[in-house]
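One-letter residues, chain by chain:
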Amino acid sequence: MSGPETVASAAPPTGDTSEPSGGLLYDIVYEIISSPLNLALVGVISFLLYKISKSRQPATSLPAPPPELPRMRRDFTLAELKPYDGTQPDGRVLTAVNGNVYDVTKGKAFYGPGGTYAVFGGRDASRGLATFQITSSGSDEYDDLSDLKSHEMASMREWEMQFKEKYYLVGRLLKPGEKPTNYSDEDEDTPAEGSELKKRATPAATDSSKVEDKPTSTDSAPSLVEASASAATGGTEDDKQKAE
């Protein structure tokens, strides 16, 4: 027979047998990092959650492009050209090259404030382009470019060709004492419609005159040629009978 000692030894030991805190989270993390497949699934799920949250965010609207400025057609002196350096409220930028003024507003990133060629905004850029010197002389006197060498003039004309292809021609850069040109509305880059209409009307008028000279039917009046021939032969047969 078993005594009290045996019963006491068979009893389970007393004490705290609960799992340590955080054991479940530790097991989950361990299961994930211990399997490459689980890591890949976690990456895919994270990417999908990111895309879903990104799509629900409101789309950022792009700023509207600035309105296109109206075309300008006039001549400028150096003093009148100087304010058009892009700092005005409308932001217009004008530059002169070889005696012509061009609207370079659409190239404001280059010729406007802070641009690479900002020193040419509102100024005559001829000498700088000819000599490859992106500096401002600071002089407000007209530069006749008479001291430039032949290869420098050729370089400036190449630049001028690029300006003609990319930018609108505004007018001329006036010499001291030179009067500006009075540009009319018909001269502002519009085709001469009157001349085109005249060209179209001329052949039409010629064709209509040819049709009128020909008899339209057998009962119509004789042509001018037939009338002249009848008068030369003494009239028609009816006229002779009447005379008899």
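Residues numbered from 1 in each chain as written. Predicted model: local features only at pLDDT ≥ 70, side-chain atom pairs only at ≥ 80, totals over all residues. Heavy atoms only, no water.

Participant: Please explain the nonpolar core as it appears in this structure.
Facilitator: Here is a general trend for soluble globular proteins: nonpolar side chains tend to be buried in one another's company. The biggest cluster of nonpolar side chains holds 15 residues, and the ones touching the most others in it are Val104, Tyr111 and Phe163. Elements that contribute at least two residues to this core include exactly α6 (126-131) and α7 (150-166). If one sorts the elements of this core by residue count, α7 sits on top with three residues. The contacts of Phe163, once residues within four sequence positions are left out, are Thr95, Val97, Tyr102, Val104, Tyr111 and Leu129. In terms of nonpolar packing, the next biggest core, distinct from the first, is built from 10 residues, Leu78, Leu94, Ala96 and Leu173 among them. (Core = buried A, V, L, I, M, F, W, Y, C linked by side-chain atoms within 4.5 Å. Buried < 20%, exposed > 50% of the residue type's maximum accessible area, 1.4 Å probe, protein only. Helix = DSSP H or I, 4+ residues; strand = E, 2+ residues; numbered from the N terminus. Contact = heavy atoms within 4.5 Å.)

Participant: Explanation requested: the environment of Tyr102 in the structure shown.
Facilitator: Along the chain, the position of Tyr102 falls in strand β2 (residues 100-103). Considered as a pair, Tyr102 and Arg73 are 29 residues apart in the sequence and their alpha carbons are 10.0 Å apart. Not counting the four nearest positions on each side in its chain, Tyr102 is found in contact with Val93, Leu94, Thr95, Val97, Glu160, Phe163, Lys164, Tyr167, Tyr168, Leu169 and Val170.

Participant: What is the right way to look at unusual backbone geometry in this model?
Facilitator: Working note: non-glycine residues mostly have negative phi, and peptide bonds are mostly trans. Even without a glycine there, the phi angle at Phe132 is positive, about 60°. Considering the arrangement of structural elements, one finds Phe132 in the loop between α6 and α7. On the basis of relative accessibility, which here comes to 61%, the residue Phe132 falls in the exposed class. At Leu145, a residue that is not glycine, the phi angle is positive and equals roughly 60°. Following the sequence through the fold, Leu145 ends up in the loop between α6 and α7.

Participant: So what exactly am I meant to see when it comes to the packing of aromatic side chains here?
Facilitator: Think of a pair of aromatic rings as described by two things: how far the centres are apart, and how the planes are tilted against each other in angle. By the definition in use, this model includes eight aromatic pairs. A connected cluster of aromatic rings, assembled from ring pairs, spans Tyr102, Tyr111, Tyr117, Phe120, Trp159, Phe163 and Tyr167. Lying over the aromatic face of Tyr168, Arg71 brings its terminal NZ or CZ to 3.7 Å of the ring centre. (Phe/Tyr/Trp six-rings, centres within 6.5 Å; stacked < 30°, edge-to-face > 60°. Lys NZ or Arg CZ within 6 Å of the ring centre and 35° of its normal.)

Participant: Hey, could you run me through the side chain of Ser155 in this one?
Facilitator: Relative to the elements of secondary structure, Ser155 occurs in helix α7. With relative accessibility at 8%, the residue Ser155 sits in the buried group. Once residues lying within four places of it in the same chain are set aside, the contact partners of Ser155 are Leu129, Ala130 and Phe132.

Participant: What exactly am I supposed to notice about the packing of helix α2 (residues 23-33) against helix α3 (residues 36-56) here?
Facilitator: Working note: a packed helix pair is described by the angle between its axes plus the distance between those axes. The contact between α2 and α3 brings their axes to 6 Å, and the two run at 100°. Taken together, α2 and α3 sit at an angle that is classed as roughly perpendicular. In this structure, α2 contributes Glu31, Ile32 and Ile33 to the contact, and α3 contributes Asn38, Leu39 and Val42. Here the contact of α2 with α3 is built from residues that sort into four nonpolar, one polar and one charged. (Axes fitted to C-alpha atoms, helices over the stretch in contact; angles between N-to-C directions. Parallel < 35°, antiparallel > 145°, perpendicular 65-115°, else oblique. Nonpolar A, V, L, I, M, F, W, Y, C, P; charged D, E, K, R; others polar.)

Participant: How do you make sense of the pattern of salt bridges when you look at a structure like this?
Facilitator: When their charged atoms lie close together, side chains carrying opposite charge are able to pair. Counted according to the given criterion, the structure contains seven salt bridges. In this structure, the salt-bridge partner of Asp75 is Arg172, at a minimum N-O distance of 3.3 Å. With a gap of 97 residues between them, Asp75 in the loop between α3 and α4 (78-81) and Arg172 in strand β3 (residues 168-172) connect regions that are remote in the sequence. The partner of Arg92 in a salt bridge is Asp103, with the nearest N and O atoms 2.7 Å apart. (Salt bridge = Lys/Arg side-chain N within 4 Å of Asp/Glu carboxyl O.)

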